[in-house]
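Take a look at the letters that make up each chain.
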Amino acid sequence: GGRAVVLEKAMNGDMITIYSKGLHLPVLWSHLIPATLEGKALYNVQNAMFACAMAFSFDLDLDNIRHGLRTFDTSFFQAPGRTNVFDEHPFKVILDYGHNPAAIAAMAGLAARLDVKGRRLVVAAMPGDRRNEDIVAAAKELAGHFDHFYLKPDDDRRSRTEMEVPGIMRETLLGEGVNDSQITLFPSEVAAIDAALATAQEGDLLVVFADELARSWKQIIY
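Now for a quick tour of the structure. (Residues numbered from 1 in each chain as written. Predicted model: local features only at pLDDT ≥ 70, side-chain atom pairs only at ≥ 80, totals over all residues. Heavy atoms only, no water.)

This part is about the pairing of strand β9 (residues 205–209). With 5 of its 5 residues buried, β9 lies for the most part within the structure. Of the two faces of β9, the one carrying L205, V207 and F209 and the one carrying L206 and V208 are both buried. Of the strand pairs in this sheet, strand β5 (residues 92–96) and β9 are connected by 5 bridges, and their pairing is parallel. Residue pairing for β9: K92 is matched across the bridge by L205. The pairing of strand β6 (residues 120–124) with β9 spans 4 bridges and is parallel. Looking at β9, one finds that V122 is bridged to V207. (Buried < 20%, exposed > 50% of the residue type's maximum accessible area, 1.4 Å probe, protein only. Helix = DSSP H or I, 4+ residues; strand = E, 2+ residues; numbered from the N terminus. Pairing = 2+ DSSP bridges.)

Below, the structure written as structure tokens:
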């Protein structure tokens, strides 16, 4: 009898639906929202549901809500560092500012759900001021989801030695069963992204967790 926004499964996909005081109001298929990458970025499906709930509570009509959801995407210019997708290469690149285990887990899950003909590659790091257990947790979230790991420090090591964080991540990945030949360490973000772009092949997916977003964006598009 109250109000709720739910995700209803149907033959054609998942429908974001509003229930309000006995009314049943279908809003939009989740896979038609650009920011969800055809419904596979589940965290953005959740964000769309929250946006829908807030907009409806502010008395926006359903057509305006649908238009907003249909026209917002995660380009670098609309949402820098938030699942920015680049299709200019023979392979797909996703740029993200994931700096904690939960964000890295969300992106790893997305990489697993996307249809990839080739390999899944990742450029990864964690900020130096994170606890060792957080760095370990982030590396564990990556293990099993990617075929090669390009590990690097952030620009600001935040009191850590140069290769301390990549070293912790490497040891964690090895402990999770990743082969050492699948891991490459780099002294800088620029070097890691350059190497990943140079070795990615047609059909691959490259996920880049970047610290300096504008610089990384330029590397990817140029």
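That shown, we press on.
Time to look at the nonpolar core. General note: in soluble globular proteins, nonpolar side chains tend to be found buried as a group. If you look at the biggest cluster of nonpolar residues, it comprises 30 residues, and the most contacted ones within it are L142, F149 and M169. Of all the secondary-structure elements, those providing two or more residues to this core are α3 (101–113), β6, α4 (132–142), β7 (148–151), α5 (164–175) and β9. The element best represented in this core is α3, accounting for 5 residues. Apart from the residues within four sequence positions on either side, M169 is in contact with A124, A125, M126, I135, A139, L142 and L151. If you look at the next biggest cluster of nonpolar residues, it comprises 21 residues, including F76, L95, Y150 and A195. (Core = buried A, V, L, I, M, F, W, Y, C linked by side-chain atoms within 4.5 Å. Contact = heavy atoms within 4.5 Å.)

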